[in-house]
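Summary of the model geometry
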Amino acid sequence: METKEARLAAIPKALSFDPASDRFFILDQTRLPTEEVVVEQTDVEQVYDSIYQLKVRGAPAIGIAGAYGLLISLKKHRDLDRDAFEALVHKNADYLNSSRPTAVNLSWALRRMVGVADAFPPEESTEALYAALRTEAMAIHESDIETCRLIGEHGAKLIEEGNGVMTLCNAGALATGGIGTALAPMYVAWADGKRFRAYSNETRPLLQGARITSWELHRFGIDVTLIADSVASYLMKLGRVDLIIVGADRVAANGDTANKIGTSSLAINARHYGVPFYIACPYSTIDPHTPTGEEIVVEERGADEVIYVKGQQIAPADIQVFNPAFDVTDHDLIAGFITEKGIIRPPYNFSA
Ligand code: MRU
C-alpha cells in the first residue's frame with residue numbers, strides 16, 4: 001500500500017527550481033483545470049506579470065516566486081561589480097514587490113533576499129553573493145514545504161470523521177511551496193484515513209475555488225462538493241458544515257486577517273450558525289508591523305474580471321464595477337490560527 005508520505009508527495013506543485021541550471025518554472029494556474037501547462041520564467045518582467053495575472057498566486061507561493069524571480073533576474077548580471085549588482089538586487093526586489101500589495105509573504109521573502117545582499121561581506125565576489133542568494137531562495141522554498149506539512153498535521157486534529165469542512169478560494173498546494181495551508185489539514189486527515197466532505201466555494205470573480213481547489217482535492221480522491229458562493233450560508237443553516245478553514249494573505253498584530261474577498265461574510269455567517277472558523281497560515285503571513293486590519297492595503301483589480309468570465313461577457317461592458325481582491329475578517333470571529341507552531345487561540349497578540 002502507498003505510504004502517507006508518498007501520497008502527499010504526489011500532490012501537484014505550483015513551482016519548481018532546478019539548482020543545477022538555475023531555471024525556475026511555474027504551473028500556469030490561469031489555465032487550470034482544463035490545461036496543465038508549466039512555463040519557464042526567464043526575466044523579471046515575466047515574473048512580475050505571472051504574479052500580477054495570478055499565473056502563480058497564493059500568499060506563500062508568491063513569496064517563493066518573488067525570491068526565485070529575483071534570483072533569475074540577476075543570473076545574467078554576475079559580471080557586474082558588487083555595488084552595481086547590489087543596486088540591481090534592490091531595484092528588482094522593489095519592482096517585484098509592487099506586483100501585488102496585500103499578501104505580506106511577497107515583501108517578507110524579498111526582504112530576506114535583500115537582507116542577504118546587504119549583509120554580505122564586501123570583500124566577497126559578486127558570484128559568491130549570487131550563490132548566497134540562490135541558497136536563500138531555496139531555503140525560503142524548503143522551509144515552506146515543511147511549514148505546510150506541520151500546518152497539515154496540527155489542523156488535521158480539528159477534522160472528525162463525517163465532518164463537513166468548508167473552504168474558500170485556494171489555499172492549497174498551488175498557493176504554497178508544499179501541500180497548502182487551509183487544504184493541508186484536509187490532505188493529512190484524508191491520508192490518515194478520516195472520511196469527511198469538503199465544500200469548496202467557487203470564489204468569484206476568478207473562480208480559484210472552482211478551478212483550483214476542487215481540482216486539487218478531487219485529484220487526491222477527497223470527497224469534495226463545489227458550491228456557488230451564495231450557497232455557503234444555506235449550507236451552514238442546513239447543519240452540513242462543522243468547520244471552516246481558509247488561508248490568509250496578511251494577519252495583523254491583533255489577529256484581523258486579510259484573505260480572499262468573501263472570507264469575512266463566511267466568518268460572520270459561521271458565527272451566526274455556530275460553526276468554528278479557522279485561519280490556516282504560516283508565521284510568514286503574520287505581520288507584527290501592521291497593528292490592525294484597518295491598516296491593511298486591499299488590492300483592487302480591474303472591472304474586466306467581473307464583467308467577463310473566461311472571456312465571455314456577462315454584464316454590460318461599460319458597467320461600474322467594484323472589485324476588491326481581498327477583505328478583512330475581524331479577529332473576534334476567528335476560533336484559531338492553524339500555524340506550523342500549533343493552533344493559536346484568542347486573545348491574539350502578534351506584536352513584534
Ligand atoms: O488572489 P489570490 O488567488 O492570490 O488569493 C489567494 C488567497 O486569498 C489565499 O487564501 C491566501 O493567499 C492564502 S494561500 C495559502
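Residues numbered from 1 in each chain as written. Predicted model: local features only at pLDDT ≥ 70, side-chain atom pairs only at ≥ 80, totals over all residues. Heavy atoms only, no water.

Here we take up the layout of surface pockets. In this structure, the largest pocket encloses a volume near 390 Å³. In terms of lining, the largest pocket is formed by 17 residues, of which the most central are T30, L206, E305, Y308 and K310. Secondary structure elements with two or more residues in the lining of the largest pocket: α11 (304–307) and β11 (308–309). Taken together, the residues that form the lining of the largest pocket break down as 7 nonpolar, 4 polar and 6 charged. Here the lining of the largest pocket gathers at least three residues from each of two domains, domain 1 (4–149) and domain 2 (153–344). In this structure, the second largest pocket encloses a volume near 240 Å³. Around the second largest pocket sit 14 residues that line it, and L8, A9, I145, R149 and I179 are the ones nearest its centre. Of all the elements in the fold, those that place two or more residues in the lining of the second largest pocket are α1 (4–9) and α6 (126–156). A breakdown of the residues in the lining of the second largest pocket according to their chemical character gives 6 nonpolar, 2 polar and 6 charged. Among the domains, domain 1 (4–149) and domain 2 (153–344) are the pair contributing at least three residues each to the lining of the second largest pocket. (1 Å grid on protein atoms, 1.4 Å probe; cavity = no way out; pocket = protein on both sides within 12 Å on 5 of 7 lines; lining within 4 Å. Points joined across faces, edges and corners; volume = space filled by probe spheres on them. Helix = DSSP H or I, 4+ residues; strand = E, 2+ residues; numbered from the N terminus. Nonpolar A, V, L, I, M, F, W, Y, C, P; charged D, E, K, R; others polar. Domains from an automatic or database assignment.)

The next point concerns the packing of aromatic side chains. Under the criterion given, the structure shown has 9 aromatic pairs. Seen from their ring centres, F24 and Y68 are 5.3 Å apart, and the 40° between their planes marks the pair as tilted. Residue F24 is found in strand β2 (residues 23–27), and its partner Y68 is found in helix α3 (residues 59–74); the two are separated by 44 residues along the sequence. On the numbers, 5.4 Å between centres and 90° between planes, the contact of F337 with F350 is edge-to-face. Placement of F337 in strand β14 (residues 336–339) and of F350 in the segment after β15 (342–344) is noted, with a sequence separation of 13 residues between them. Just as F337 is buried, F350 falls in that class too. The residue whose ring lies beneath R78 is Y130, and the NZ or CZ to ring-centre distance is 4.4 Å. Geometry around F326 places K260 over its ring, the cationic atom sitting 4.5 Å from the centre. (Phe/Tyr/Trp six-rings, centres within 6.5 Å; stacked < 30°, edge-to-face > 60°. Buried < 20%, exposed > 50% of the residue type's maximum accessible area, 1.4 Å probe, protein only. Lys NZ or Arg CZ within 6 Å of the ring centre and 35° of its normal.)

Turning our eyes to something else, we now look at the site of the ligand. In the region of the ligand, 19 residues are neighbours, and R57, R100, Q208, N259 and K260 sit closest. The backbone of G58 places a nitrogen or oxygen atom 3.1 Å from an oxygen atom of the ligand. A distance of 2.8 Å is found between an oxygen atom of the ligand and a side-chain nitrogen or oxygen belonging to R100. Taken by itself the ligand offers 410 Å² of open surface, and the protein chains cover 99% of this. The cavity that encloses the ligand is the largest cavity. Of all the secondary-structure elements, those providing two or more residues to the shell around the ligand are α3 and β9 (257–260). Residues that form the shell around the ligand fall into these classes: 8 nonpolar, 7 polar and 4 charged. Residue assignment places the shell around the ligand across two domains, with domain 1 (4–149) and domain 2 (153–344) each supplying three or more. (Near = heavy atom within 4 Å. Polar contact = N/O pair within 3.5 Å; in protein donor to acceptor, adjacent residues only side chain to side chain. Areas by Shrake-Rupley, 256 points an atom, 1.4 Å probe, with all protein chains shown as cover. Sits in = over half its atoms within 2 Å of the grid points.)

The next subject is empty space enclosed by the protein. Per the counting criterion, the structure on display carries 3 cavities of 30 Å³ or more. By volume, the largest cavity amounts to about 200 Å³. Taken together, 24 residues line the largest cavity, and the ones lying closest to its centre are R57, G58, A59, N170 and D249. Of all elements in the fold, only α3 and β9 reach the threshold of two or more residues within the lining of the largest cavity. Here the residues of the lining of the largest cavity are counted per class, giving 12 nonpolar, 8 polar and 4 charged. The residues that make up the lining of the largest cavity include at least three from each of domain 1 (4–149) and domain 2 (153–344).

So, about the pattern of salt bridges. According to the stated counting rule, one finds 14 salt bridges in the structure shown. The shortest N-O distance in the salt bridge between E40 and R23 comes to 2.7 Å. Of this pair, E40 sits in strand β3 (residues 38–41) while R23 sits in strand β2; the two residues are 17 residues apart in sequence, bridging distant segments of the chain. We classify E40 as partly exposed; its relative accessible area is 24%. Between R301 and E305 there is a salt bridge, and its shortest N-O distance comes to 2.8 Å. (Salt bridge = Lys/Arg side-chain N within 4 Å of Asp/Glu carboxyl O.)

Note that every value here comes from positions in space, so none of it alone points to a role or purpose.
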